[in-house]
Amino acid sequence: MSNSALPQDDSMHLTDSSTSKTGNKTTKKFLIGTLAVCIGVIGLGGAGLAYRQTTRYKVSDAMEVNLKELTNTQYPANTSGLSQKFRRYNDRTLTVVKRDDTHVDFVLEPNNDHTAKIVIKNIDLELLTPKVPEWTKNDEGLEVIAFTDREWNRQQVSFPADSEHIEISGGDGFEKENLYQVALANNCINGGLWEVILTTQEDGNKAMYYQGWFDFPLGIYKQVFEKINNISYWKYWRRMEHWQDPSGTVVKTDLLRDVIDEQEVQADFPLDEKIIVSGEQVRKVRTVLANNLQTWGDFYSGEHEIQFGSFVPPGYYNTDKPWGNEFWRIGQFDKAVLRNIDPVGVDETLQELELTFTDTKTNEQNKLFISGVNIKDLPQLPVENYNNGLYMPLGIGIPPFYQDYEELKANHPDKSPYFSVLLDSKGGWIDHHKVALDGVVMHLDEDNPELLHLYFLSYERMTLIAHFKVDIKSLY
């Protein structure tokens, strides 16, 4: 701790040119005493920092972590599809076992005879820890935004029961026979807040029978972060562990790609179209705190109070703590520009879509970039199956919200040319979390490959808030 970090108090400044000799002696004694106290405080601060370093960031080869299993009463807003077996295989402990500098096992052990031991083996933490693309390190603004959105977007990876990474033993046989999928999630809040989910199948649908929240060891997190990024963790630790809003940070998109060509394209945003609901938006309808929303226009008219249940530690929805929105920042759609681009780090021509909006409160023009996408290779889907399209967060060098672990191993996020950012008229980053815009979905029309469907995902993907139909025939 430096002296500048100590509390400043005007009473410490007692020198006075008119003070008598006796007063000077008193002053000297006071200053000496004060200096001793300051040194003591500094010493205690150093001791406190050392204690923090050896406890909060401690590392050992096997670390039992704090595992939370919430009851239905504790988590009434649970948005998962629950199994008939939910909470019948609870009361577990979790140990994180280091294999090497970047690989660990997650060992779920039961405290009863009917529950199985499940090991999630040899997991590469390089793929689950914020790592920014090398090309963002040339610009501080890009690096800040890349780290911020990587930590504050959900990353959930799944493993089929027969994966080489899953080992099941013991128990009454239910889990050995019926475990369908295991999932690990690095939640989109403070670094170190993770989740483990076990699912089975019922009536042809995936159903969750176990959910546990755990504190991933920050000492291991720190070691992996420093190894894969080759920078000190302390440069960004506050951003990783405590939200620090980097709004206004200039994002230089020209450092992320070169534009080959561009043209304005026809894009329709029918405000009177009925809201479309599928996938996780069906399960999360209870967390949308608004009445009588019928069309896309209802999100932007200003006639409805729209809030969402906040996502809070350890990683669940709390409807008693509403999250607002700033939809006025994208309140009026103006135009769309389609570009062919040459992304940095990838030898492939890809596409970028830029949407321009007028802020209905300030009249400022804001722009959303969705870049580094091979649009012609997107799946052709009916609108009601939009959730099977490209389903991505906003950010730079980020993975999808949900992904199979084998797919993640084959596609490292820090190598991805994809980026999506919402910028103001000066190129400054707009906090899309405050806007309540968390991501985008894209797919081609079921019958017409020259028509692109683009959707906006609200805060925590609780609902869609927009549907654009974009003419892309110029790509063919």
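Residues numbered from 1 in each chain as written. Predicted model: local features only at pLDDT ≥ 70, side-chain atom pairs only at ≥ 80, totals over all residues. Heavy atoms only, no water.

A. Looking closely at the overall build of the protein chain. Along the protein chain, the regular secondary structure elements total 8 helices and 26 strands. Sequence-distant contacts in the protein chain: of pairs separated by 6 or more residues, those separated by 24 or more amount to 63%. Working note: accessible area of the protein chain is about 21600 Å², and carbon and sulfur atoms make up 46% of it. (Helix = DSSP H or I, 4+ residues; strand = E, 2+ residues; numbered from the N terminus. Contact = heavy atoms within 4.5 Å. Areas by Shrake-Rupley, 256 points an atom, 1.4 Å probe, with all protein chains shown as cover.)

B. Up close: helix 4 (residues 218–229). Given a rise of 1.5 Å per residue, 12 residues ought to cover 16 Å, and the 16 Å separating the end C-alpha atoms of helix 4 matches this to within 8%. In terms of residue burial, helix 4 counts as a mostly covered element, since 9 of its 12 residues are buried. Considered for burial, the residues of helix 4 that qualify are Leu 218, Gly 219, Ile 220, Tyr 221, Lys 222, Val 224, Phe 225, Ile 228 and Asn 229. Summarising the contacts, the buried residues of helix 4 are in contact with strand 1 (62–65), strand 3 (92–98), helix 2 (140–151) and helix 5 (237–241). At the exit of helix 4 stands Asn 230, carrying a positive phi of roughly 60 degrees. (Expected span 1.5 Å × (residues − 1). Buried < 20%, exposed > 50% of the residue type's maximum accessible area, 1.4 Å probe, protein only.)

C. Quick look at the environment of Asn 205. Mapped onto the secondary structure, Asn 205 falls in strand 10 (residues 205–215). Along the primary structure Asn 205 and Gly 81 are separated by 124 residues, whereas in three dimensions their C-alpha atoms are 8.8 Å apart.

D. Examining the packing of aromatic side chains more closely. Per the counting criterion, the structure on display carries 35 aromatic pairs. Both rings, one in Phe 174 and one in Tyr 209, keep their centres 5.6 Å apart while their planes meet at 80 degrees; by these two values the pair is edge-to-face. Here Tyr 209 lies in strand 10 and Phe 174 lies in helix 3 (residues 174–178), a separation of 35 residues in the sequence. Residue Phe 174 shares its accessibility class with Tyr 209, and that shared class is buried. (Phe/Tyr/Trp six-rings, centres within 6.5 Å; stacked < 30°, edge-to-face > 60°.)

E. Structural detail: a negative patch on the surface. On the surface, Asp 254, Asp 258, Asp 342, Asp 347, Glu 348 and Asp 377 cluster together into a negatively charged patch. Positionally, Asp 347 belongs in the loop between strand 16 (332–343) and strand 17 (350–358). With a relative accessible area of 82%, Asp 347 lands in the exposed category. (Patch = residues over 30% accessible without salt bridge, like charges linked within 9 Å, V, L, I, M, F, W, Y side chains within 5 Å. Salt bridge = Lys/Arg side-chain N within 4 Å of Asp/Glu carboxyl O. Lys, Arg positive; Asp, Glu negative; His and termini not counted. Charge placed at Lys NZ, Arg CZ, Asp CG, Glu CD.)

F. Fine view of the sheet that holds strand 5 (residues 117–124). With antiparallel pairing, the 5 strands of this open sheet are ordered in space as 1-3-4-5-7. Of all the strands in the sheet, the pair left with one neighbour each is strand 1 and strand 7 (166–169). The sheet shows a mean angle of 20 degrees between the axes of neighbouring strands, taken without regard to direction. The pairing of strand 5 with strand 7 spans 4 bridges and is classified as antiparallel. Note that in strand 7 the partner of Ile 120 across the bridge is Ile 166. (Pairing = 2+ DSSP bridges. Axes fitted to C-alpha atoms, helices over the stretch in contact; angles between N-to-C directions.)

G. Region of the structure containing helix 2. Taking 1.5 Å per residue as the helical rise, helix 2 with its 12 residues ought to reach 16 Å, and the 17 Å between its terminal C-alpha atoms agrees with that figure. Among the 12 residues in helix 2, 11 count as buried, and that is most of the element. Taken residue by residue, helix 2 has Gly 141, Leu 142, Glu 143, Val 144, Ile 145, Ala 146, Phe 147, Thr 148, Asp 149, Arg 150 and Glu 151 as its buried positions. The inward-facing, buried residues of helix 2 contact strand 6 (155–160), strand 8 (181–186), helix 4, helix 5, strand 21 (395–396) and helix 8 (432–435). The residue sitting at the N-terminus of helix 2 and contributing the capping side-chain oxygen is Asp 139; that oxygen lies 3.1 Å from the backbone nitrogen of Gly 141. (Polar contact = N/O pair within 3.5 Å; in protein donor to acceptor, adjacent residues only side chain to side chain.)

H. View of the pattern of salt bridges. Counted by the stated rule, this structure contains 27 salt bridges. With a closest N to O distance of 3.7 Å, Glu 273 and Lys 469 form a salt bridge. Linking Glu 273 in the loop between strand 12 (267–268) and helix 6 (280–283) with Lys 469 in strand 26 (residues 464–471), this pair joins segments that are 196 residues apart in sequence. We note a salt bridge from Arg 329 to Glu 326, for which the minimum N-O separation is 3.6 Å. Sharing partners across several salt bridges, the network here consists of Arg 257, Glu 262, Arg 339, Glu 352, Glu 354 and Lys 367.

I. Quick peek at the sheet that holds strand 13 (residues 288–289). Strand order in this open sheet of 3 strands is 13-14-15, and the pairing throughout is antiparallel. This sheet does not close on itself; its edge strands, each paired only once, are strand 13 and strand 15 (316–323). With 2 bridges joining them, strand 13 and strand 14 (residues 307–312) adopt antiparallel strand pairing. When the bridges of strand 14 are listed, Val 288 appears paired with Phe 308.

J. Spotlight on unusual backbone geometry. Residues Pro 313 and Pro 314 are joined by a peptide bond in cis, for which omega reads 5 degrees. Within the secondary structure layout, Pro 314 lies in the loop between strand 14 and strand 15. Phi is positive for Asn 230, which is not a glycine, with a value near 60 degrees. Residue placement: Asn 230 occurs in the loop between helix 4 and helix 5. Taking relative accessible area as the criterion, Asn 230 reaches 69% and is therefore assigned exposed.

K. Summary view of the nonpolar core. Judged by nonpolar contacts, the single largest core of 67 residues is most densely connected at Phe 456 and Phe 468. Excluding anything up to four places from it in sequence, Phe 468 contacts Asp 268, Phe 269, Phe 333, Leu 355, Phe 357, Leu 452, His 453, Leu 454 and Phe 456. In this structure, Met 63, Phe 174, Phe 214 and Trp 237 belong to the second largest nonpolar core, which totals 60 residues. (Core = buried A, V, L, I, M, F, W, Y, C linked by side-chain atoms within 4.5 Å.)

In short, shape yes, function no, at least from these values alone.
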